[in-house]
Every structure is written in structure tokens, then in C-alpha cells.
Amino acid sequence: MELSHRLAAALGAAALALAGCAADGGTDGPIKVGSINGVTGQFQAPEVPKAVQAVFDEVNAAGGIGGRKIEFISKDDAMNPQRSTEAAVELIESEGVVALVGSSSAVDCGLNRAKYGSAGIVSIPAVGVDPACFTSPNIAPVNPGPYKLLTAALYFLSQTKKHEKVCAYLTVLPGSGDGIENAIKEWSTVTGKQLTVKETSVGTGDPTPYLVKAKEAGCAGIVYNSQVGPWFAQAKTQGMTAVDFAMLANSYTDANAQAIPEGLNVYSATEWQPYTDESLPGNDRWAKIVGAKGIPKTAFSQGAVMAADVFVQVLKGIQGPITRESVTKAFKEMKPVDYPMVGTPYVFGPGDAHNPVEGARFVKAENRAWRVLPEGFVIPGKG
Amino acid sequence: MLNSLIAGLTSGGVYALLGLCVVLTYRLVAVVNFAMAATGAVGAYVMVSLIGVGVHGALALAAGVVAGAALSALVGAILVRWFGEHSERTKAAVTVALYVAVMAIGLRVFGSATTGTRRFPAPLDGPAFVLGDVVVPVSTLVSLAFAALITAGVGLLFSRTLLGLRLQALSERPTTAQVVGIAVPRLAMAVWAVIGGLSTLVIVLVAPRLGGDFATLGNLITTALAVAMVGAFRSLPMTLAGGLILGLLEGVAVSLSGLQADRGVVPFLVILVLLWWRSRNEVWDTAHTR
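Rules used in this analysis
Residues numbered from 1 in each chain as written. Chains lettered and ligands numbered in written order. Predicted model: local features only at pLDDT ≥ 70, side-chain atom pairs only at ≥ 80, totals over all residues. Helix = DSSP H or I, 4+ residues; strand = E, 2+ residues; numbered from the N terminus. Rg over C-alpha atoms; globule rule 2.2 N^0.38 Å. Buried ≥ 20, exposed ≤ 12 C-beta atoms within 10 Å, placed from the backbone. Contact = placed C-beta atoms within 7 Å. UniProt positions renumbered as here; feature names shortened; annotations may be inferred. Nonpolar A, V, L, I, M, F, W, Y, C, P; charged D, E, K, R; others polar. Domains from an automatic or database assignment. Expected span 1.5 Å × (residues − 1). Bend = angle between axes of the 7 residues up to and from the residue. Pairing = 2+ DSSP bridges. Axes fitted to C-alpha atoms, helices over the stretch in contact; angles between N-to-C directions. Left-handed = near helix turned anticlockwise from the far one by under 90°. Parallel < 35°, antiparallel > 145°, perpendicular 65-115°, else oblique.

Peer 1: What am I meant to see in the overall build of chain A here?
Peer 2: Each helix and strand in chain A was counted, giving twelve helices and eleven strands. At 22 Å, chain A has a C-alpha radius of gyration in line with the 21 Å of a compact globule built from 383 residues. For chain A, the spread of C-alpha atoms along the three principal axes comes to 70 × 55 × 35 Å. Here chain A holds 383 residues, and 53% of them are scored as buried. Residue pairs at least 24 apart in sequence account for 65% of intrachain contacts in chain A once pairs closer than 6 positions are excluded.

Take a look at the structure:
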């Protein structure tokens, strides 16, 4: 028994050493970068890896980084936990990637955070959704994420729109309850206001009972993050034309703009400069990069371009060989990067939890499209 | 509380319609069809896609119904041809497999919740009248009327017509029916096609209330099965009542803050209780016919 334990330990150490070789071996070959994306399955954003690749193609065409090309390896996990875990192991152990850039899987952060920690590798997701994306030492997404956005949406309704009675009708995914509570608390602290109605279990099914309850309670501003079609079709039926509805970034899609009936006041928070207006600061670069390759112009591809851009910028600042260790060190010690596509600068930093980007811009659904509101980024507590 | 009850009741009609589709299929072809809502969702999406490219609404609806009918006939063909002599359980399992296949292909073709949300035409969503704080739209009355029509119409079909008799024979003793000269495969296929068309109509009618994307619509099968269970897969009037009860329960669950978080669970708890209540007088080993 004792012997077999020792043997296992020895084998494990050997395997680790080999993996270490793979990770550090190539200081002259291509710089390998990985990502885990949902390309198929329930949560699909196939444009993310394509957009990251487009940025790296541009860098490679200009000679790479210190003469080394970037090799980008994206794994599709189809939101399947097992595939996600396998993808992380494969990227880190077999491929020996130096970092993960532009991940967009809904399950990656929660499942793989420990792996990233033990491998000493950083992940810069394009789109972080899972609360673990914002509470892990080695992960720092480029998007504000659902919690900062919720605070911003509440702030928008109570301060920008000046509503006294603000209500929240939310679908809370398992594990994100604390994040939601904290986001609401943050809003209360900044504004000194309390929610009139807080409903955190809006699911599928007929939304009419919720809407009727909101009418009864006199909700003038409602934050909502669930299914779009039926909610607004029935809000229209119930005659809620005077209410301001604010949704979170997951609802900011062309399809949803089409689905919202005319005559309602429906806003959506956006994490980056709204993608529907390419003239906004920072969007020109993104539109050029994805446009040239025929990649869909969505908020997800914005995140992908930003994650790749930030990564390249940090990489360029590294003195000496580019390895997993030097990349991780560079991110932990980096200076904030101003990126015009978001509300506040991006920084990774040394902490145990990272949610560097804050604030949201707002768009309004009008005539089956999203119109960008003239106010800039709404950053709670900062105007 | 009263408002919530009324609000819940307005969705009773659409829930009843979903349940009735399942019960109807079961009574006609003796299959618990897990692919029912997915089939209807394909038809409904064919319709909205056509409307999206400028086809007239009525024409698009007709095309959607035909598509739903064709897909359902395909499901029927698979079941009749390859699993005709198998047990109900096997047939149900086959429909589960087909449901998974239709959902996977449908998600690819019609998009997920983020990319595939569509506005379903709701010409009937204008207000009929106002009760308390609740605006009751015309569509609620239409759903209820449609559900009542199916309940009464199918009841009459079974009890009063030769076709009804043949359909019952087809459902209960397919082999015997064939022996006495009923063209079973052809009749079964026709029934599957009609069910597909009907499912499409029902999904189109419930979509403005219950779901605007393919996955949600296809997954309405869980709600449909729950409602069908109240009717024990047999009784159409009880299924109709089941839809109304489910709507009421949802209304109650929203109005009671303690129950809010468990809104999704309450209906199923009540269904369990109902099933227990219905079976309390039954004795083991008595012949359980459908």
C-alpha cells in the first residue's frame, strides 16, 4: 500500500515535470494561447474564437511578438462540464499554452479555476458569466459581468430615470444568488434606496402573474433579465407603457430588439460600447477587425477583440522570454489599460478576485432596433 | 391575491391546450409523445421564419402547419413501421430519442435563446375586458374556446362516429383492427399528421405567452405532460381542468412570497397529490386499461 502510494506520487511528479517541459519548452516556437468556448450547445457564441483569432492573425502578419507567432487553440466545450474540464487539462498539460485568452464558456470558470490556480496560469475571458469568473485569483474577464451590470441598471432606473419605486424581476442561476444580493446591496449603499419588489425566481411559464403584481406594487422601473418574448408581449397586453424596463447585457441582441413590441420603454445595459453603433469610441477597431473576416458583429465579438488586444499589449511589455510564468507575472503586475470600448480601465492585478471593468451604457428598443442613449457610461456612484 | 389568481387563470387555456395535445395523441395512437412540443415548435418556427422574409401571415401559418404535420407524420412513420408491435414504453422511449434529435437540429437551424428569439404574431392580444387590475386579452378567450372545442369535439368524435370507432380500435388493438379490415398504417399516419398540424397551431397560440425561442417552446412538453397527468392521459375534460388548475396555482405561487422561489415545483407537487387521490380506491392487479 505504502509502496503503491509512493509509486503514484513519483509517477505524478514525473508527469508534472513533463507537463512543465511542455509549458516552458518552446521559447522560440510559436506562443501557444488557449481558450474554452461554447461554440455548440445551449450557450453559443461561435464568433468569439474567430474574433480572437482575427486579432492574433493581425499580430502575426506584422511579425508576431518578438519574432514569435501566436498560435491560438480554441476548444468547444458545448457547455458540457466534462468536456470543459478535459479542454482545460488538454490545453494546459498537452498543448502547454501560456495563458487562456477569450474564453466564453458558461461553465469554464467554475470548473477550471482550481486547475488554473495550480498550473499558475491566467485566464482573460472575453465573456465572464459564471460568478466564479469574478471571484478567482487567476481569472479576470474583460466584461463588467452580470453583477456590476445589475448595479448599473438599478442605478440607471433610480438616478438617471429618477424612479422612486424600482423593482427587480430576475432569474437567478444556481450559485449566483450571493452575487445578485451583493449587487443590489451595492446599489442601496450608493443610492440609499431599497427595492420595492424583489423577485429572484422568475422562470419560464406565463409572466402575467408577475406583471400584474408589479402593476399592483406601482413599480415604475423594473430590472429584468429573463426570457424576452413573452414578458414584453404580455407587458404590452397589460398596458404597462409608462414603466421603464431595464435588461442586462444578455438581452442586447438583434433578435430581442425584433421581439420587443412597439410602445414599451425597454432598455438594455451593454457591457462594451453598444455594438450596433460602429462610430462609438473603440468600436471602429473592432468593427474593422471582425468586418474584414465576416465575423458577426456582436457584443461577444467585442469582448473577444478586447481580450486579445489587452493580452497582446501585456505580452509586448514582457522583458525576456515569454513563458507561462512570465505571462502570469506580467498580468499580476500590469498597469491599468485604458480601453475606450469599456467604462473603466482594465487591470488584472494581484488580488484574489477580479472584476476590474465597471459601468454600462444603455440602449433603447425602438422600431425593432436598439438606439444608443446619448449619456455615456453609467458608473454607479460616479455620475 | 385576487389579481394574481385572475392573472394565473388567464394562462389556464394555453396550459390546457398543451395537455390536450398529449392526451389526444395518447388516445389516438397510444403513444406518449415527448416530441409533441418540439414538432409544433418546428412548425411554428417555419411560420415565423417565413413571416420574417415577407410571406403573408395566413400563408405562413398554413406552411407552418403543413411542416409540423409532415414532421409529425415522419415521427409516426418511424413508430408505425419499426416499432408498431413494441410496447408503449418502447414507443415513448423512441419519442424521447426523436425529441432530443429534433431539439438538437432545431437549435442549430433556428438559433438559441440569445440568437433565435422571434416575435410571434399576436393578433389576438388586444384587450377583451379588464378584471381587477388584470387586462384579459382576446387570446385568452380564444385559447379557452379552442381547448373546450377540442375536448367536446373529440369526445363526440369518439362516441358518435364510425371514424371515432376506428380510431379507438387503432389505438387499443391495432392488430385486431387490421384483421377486421381497417387500413391501420394509413390511418395512423393520417392521425400523426393531424396531430402535428394541431400541435403547430397550439404552439403558435401559446408562444406569445410562454416562449419566444425554439428551446423554450420545445421544452413546453414538460408542462404539457404535467397537465396531461391530471387527466391521467385519458380524460379530456380533466385535462382541460388541469390546465386551469396549473394556471391558478402559478398565480397563487406568485402572490405568496413564501412560495415564490418554489413556483416551478408547486404544480408538480399538486399533481402528485392528485395522482395519489385518484388512485386511492384502486386495487392492485385490477386491469389498468388506458
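The structure having been displayed, the exposition proceeds.
Peer 1: How do you make sense of the overall build of chain B when you look at a structure like this?
Peer 2: Looking only at helices and strands, one finds 13 helices and two strands in chain B. Taking 290 residues into account, the globule formula puts the C-alpha radius of gyration at 19 Å, and chain B, at 19 Å, falls close to it. Its C-alpha atoms give chain B principal-axis dimensions of about 60 × 55 × 35 Å. The buried share of chain B, taken over its 290 residues, is 53%. Sequence separation of at least 24 residues holds for 73% of the intrachain contacts in chain B that already meet a minimum separation of 6.

Peer 1: I'm lost on the UniProt feature "transmembrane region" (unreviewed entry) in chain B in this one. Help?
Peer 2: Residues and elements named next belong to chain B. With numbering aligned to this structure, UniProt lists the feature "transmembrane region" (unreviewed entry) at residues 6-24, 31-52, 58-80, 92-114, 134-158, 179-208, 214-233 and 240-258. With 77% helix and 0% strand, residues 31-52 has its two end C-alpha atoms placed 34 Å apart. The distance from the first to the last C-alpha atom of residues 134-158 is 38 Å, and the span holds 84% helix and 16% strand.

Peer 1: Just checking my understanding: could you explain the interface of chain B and chain A for this structure?
Peer 2: Interfaces are often sized by the amount of accessible area the parts lose when they come together. Facing the 35 residues of chain B at the interface are 30 residues of chain A. Per element, the largest residue contribution to the side of chain B that touches chain A is five residues, and it comes from helix H1 (residues 2-10) of chain B. In terms of residue class, the side of chain B that touches chain A is made up of ten nonpolar, 17 polar and eight charged.

Peer 1: I tried to follow the domain arrangement of chain A on my own but got confused; where do I start?
Peer 2: Residue and element names in this part refer to chain A. On domain assignment, one finds that chain A holds domain 1 (2-143 + 279-332) and domain 2 (145-270 + 361-372). Using only C-alpha atoms to locate each centre, domain 1 and domain 2 end up separated by 33 Å. Taken together, the contact between domain 1 and domain 2 spans eight residues of the former and nine residues of the latter.

Peer 1: Looking at this structure, how should I read helix H9 (residues 184-210) of chain B?
Peer 2: An α-helical turn contains 3.6 residues, so any two residues separated by three or four positions project in the same direction. All names here are of chain B. A rise of 1.5 Å per residue sets the reference length of H9, with its 27 residues, at 39 Å; its end C-alpha atoms lie 36 Å apart and thus fit the reference within 8%. Largest kink in H9: about 30 degrees, centred on Val204, with the proline Pro208 one to four residues after it. Across the 27 residues that make up H9, a large majority, 22, are buried.

Peer 1: Explanation requested: the pairing of strand S1 (residues 127-131) of chain B in the structure shown.
Peer 2: Each regular strand shows side chains that alternate between the opposite faces of the sheet. All names here are of chain B. Burial within S1 is sparse, with just zero of its five residues counted as buried. In the sheet, S1 pairs with strand S2 (residues 134-137) via four bridges, with the strands oriented antiparallel. From the neighbouring strand, Phe129 faces S2, where its bridge partner is Val136. With antiparallel pairing between neighbouring strands as the criterion, S1 and S2 make up a hairpin whose turn holds two residues, including Gly132 at a positive phi of roughly 60 degrees.

Peer 1: What should I look at first to understand the sheet that holds strand S6 (residues 197-199) of chain A in this one?
Peer 2: Residues and elements named next belong to chain A. Taken in spatial order, the seven strands make up an open sheet running S6-S5-S7-S8-S9-S10-S11, and their pairing is mixed. Two strands lie at the open edges of the sheet, namely S6 and strand S11 (369-372), each paired on one side alone. Neighbour-to-neighbour, the strand axes of the sheet open up by a mean angle of 25 degrees, direction not taken into account. As defined by bridge partners, strand S10 (residues 361-366) adjoins S11 across four bridges and the pair is classed as antiparallel. Looking at the pairing, Lys364 lines up with Arg371 of S11.

Peer 1: Got a minute to help me understand the packing of H1 of chain B against helix H12 (residues 236-255) of chain B in this structure?
Peer 2: To characterise two packed helices, one gives the angle between the axes of the helices and the distance between these axes. All names here are of chain B. Viewed as axis vectors pointing N to C, H1 and H12 meet at an angle of 145 degrees, and their least axial separation amounts to 7 Å. Both H1 and H12 take part in a crossing whose hand is right-handed. From H1, Ser4, Leu5, Ala7, Gly8 and Leu9 reach across to H12, where they touch Leu244, Gly247, Leu248, Leu249, Glu250, Gly251, Val252, Val254 and Ser255. Taken together, the residues that form the contact of H1 with H12 break down as eight nonpolar, five polar and one charged.

Peer 1: Would you mind showing me how to read the packing of helix H6 (residues 138-160) of chain B against helix H7 (residues 162-172) of chain B here?
Peer 2: Residue and element names in this part refer to chain B. In the contact formed by H6 and H7, the axes pass within 5 Å of each other and the chain directions differ by 90 degrees. One element, H6, and the other, H7, form an angle in the roughly perpendicular class. Between H6 and H7, the contacting residues are Leu157, Phe158, Ser159 and Arg160 on the first element and Leu163, Gly164 and Gln168 on the second.

Peer 1: Even after reading the chapter, I still don't get the environment of Gln319 of chain A, so can you show me in this structure?
Peer 2: Residue and element names in this part refer to chain A. Tracing the backbone shows Gln319 in the loop between helix H11 (299-316) and helix H12 (324-332). Exposure remark for Gln319: the 6 C-beta atoms within 10 Å place this residue in the exposed category. A sequence separation of 253 residues divides Gln319 from Gly66, and the C-alpha atoms of the two residues are 10.0 Å apart.

Peer 1: What exactly am I supposed to notice about the environment of Ile124 of chain A here?
Peer 2: Residues and elements named next belong to chain A. Within the fold, Ile124 resides in strand S4 (residues 123-124). The class of Ile124 is buried, set by 27 C-beta atoms lying within 10 Å. Ignoring any residue separated from it by four or fewer positions in sequence, one finds Ile124 in contact with Ala99, Val101, Ala140, Val142, Ala307, Val310 and Phe311.

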